[in-house]
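The residues making up each chain are set out below.
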Amino acid sequence: SNAAPGFSSADCTLNFNNGTDFACTSGKVSGTATSSAFTVTAPPAGKKAYLTYKLYFDVESGTSWDILKTEISDHGYGTAANIVFQAPKASLGTWISVKIDVTSLAAKSITARFNFNSVDCTANAGKGVFIDDVRIEYAP
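Residues numbered from 1 in each chain as written. Predicted model: local features only at pLDDT ≥ 70, side-chain atom pairs only at ≥ 80, totals over all residues. Heavy atoms only, no water.

Before going further, it helps to examine the state of the cysteines. Here the structure, examined in full by the defined rule, presents one disulfide. Cys-24 shares a disulfide with Cys-121; S-S distance 1.8 Å. Since a negative S-S torsion denotes a left-handed disulfide, the Cys-24-Cys-121 link at about -120 degrees is left-handed. Within this pair, whereas Cys-24 is found in the loop between strand 1 (14-16) and strand 2 (30-34), its partner Cys-121 is found in the loop between strand 8 (108-117) and strand 9 (128-139), the two being separated by 97 residues in sequence. (Disulfide = S-S within 2.5 Å. Helix = DSSP H or I, 4+ residues; strand = E, 2+ residues; numbered from the N terminus.)

Position of Thr-13 relative to the elements: it lies in the segment before strand 1. Using a relative accessible area of 14% as the deciding quantity, one classes Thr-13 as buried. A polar atom in the side chain of Thr-13 sits 2.6 Å from the backbone oxygen of Ile-131. (Buried < 20%, exposed > 50% of the residue type's maximum accessible area, 1.4 Å probe, protein only. Polar contact = N/O pair within 3.5 Å; in protein donor to acceptor, adjacent residues only side chain to side chain.)

What follows covers the pairing of strand 5 (residues 67-73). Where burial is concerned, most of strand 5 is hidden: six out of the seven residues are buried. Judged from the seven bridges that link them, strand 5 and strand 8 form a sheet pairing that is antiparallel. Within strand 8, the position partnered with Ser-73 by the bridge is Thr-111. Pairing of strand 5 with strand 6 (residues 83-86), which is carried by four bridges, proceeds in the antiparallel orientation. For Lys-69, the partnering residue across the bridge sits in strand 6 and is Gln-86. (Pairing = 2+ DSSP bridges.)

Right, let's talk about the nonpolar core for a bit. With 27 residues, the main nonpolar core has Tyr-53, Leu-55, Leu-68 and Val-102 as its most contacted residues. Those elements that place two or more of their residues in this core are strand 3 (38-40), strand 4 (48-58), strand 5, strand 7 (95-101), strand 8 and strand 9. It is strand 4 that provides the largest number of residues to this core, a total of five residues. Setting aside residues no more than four positions away along its own chain, Leu-55 makes contact with Leu-68, Ala-87, Pro-88, Thr-94, Trp-95, Ile-96, Val-98, Val-129, Phe-130 and Ile-131. (Core = buried A, V, L, I, M, F, W, Y, C linked by side-chain atoms within 4.5 Å. Contact = heavy atoms within 4.5 Å.)

Among the structural elements, Ala-125 can be located in the loop between strand 8 and strand 9. Take Ala-125: its relative accessible area is 66%, and that puts it in the exposed class.

This part covers the pattern of salt bridges. One pass over the full model with this rule turns up four salt bridges. Here Lys-48 and Asp-101 are joined by a salt bridge, their closest N and O atoms 3.7 Å apart. With Lys-48 in strand 4 and Asp-101 in strand 7, this pair connects stretches of sequence that are 53 residues apart. Given the relative accessible area of 33%, Asp-101 is considered partly exposed. Measuring nitrogen to oxygen at the nearest pair gives 2.9 Å for the salt bridge that ties Glu-137 to Arg-135. The class for Glu-137 is partly exposed, based on a relative accessible area of 33%. (Salt bridge = Lys/Arg side-chain N within 4 Å of Asp/Glu carboxyl O.)

To continue, consider the pairing of strand 8. The sheet contact formed by strand 2 and strand 8 spans five bridges and is antiparallel. Its bridge partner being in strand 8, Thr-32 is matched across the sheet by Asn-115. As paired elements, strand 3 and strand 8 share three bridges and run antiparallel to each other. Each residue of the ladder has a partner; that of Phe-38, found in strand 8, is Ile-110.

Given below as structure tokens:
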């Protein structure tokens with residue numbers, strides 16, 4: 001599905017919805033998507049390595065519901081992820097940039113697993129979660 005807002009940059013985006021919203025009638029809705037592998041090279045002097053992506057949230061604003069966690073692993077999630085990051089809800093309804101320090105995983109191949117959990121079926125009439133432009137960047 002490519003319900004509004006569509007994508008941050010062409011051509012497509014990863015999104016969690018049914019084409020309109022992420023409503024449910026009982027329990028919760030949840031799902032995961034795992035990226036292709038990224039190789040984190042040693043950052044240049046004075047810089048760090050970051051996994052970055054664009055994020056659009058049209059969900060409840062509270063931190064206890066509609067949770068997106070980014071799990072980063074260098075071992076395929078057989079055990080706990082190396083890094084777990086809960087996406088901020090600082091700006092709903094607009095594209096924001098997310099930046100996660102992965103310098104500790106330099107010289108390794110990693111994947112990012114995006115795990116969305118509505119926790120409940122209340123107030124799930126928003127457009128859902130959209131992720132775009134996932135990449136490794138090097139910056140101070």
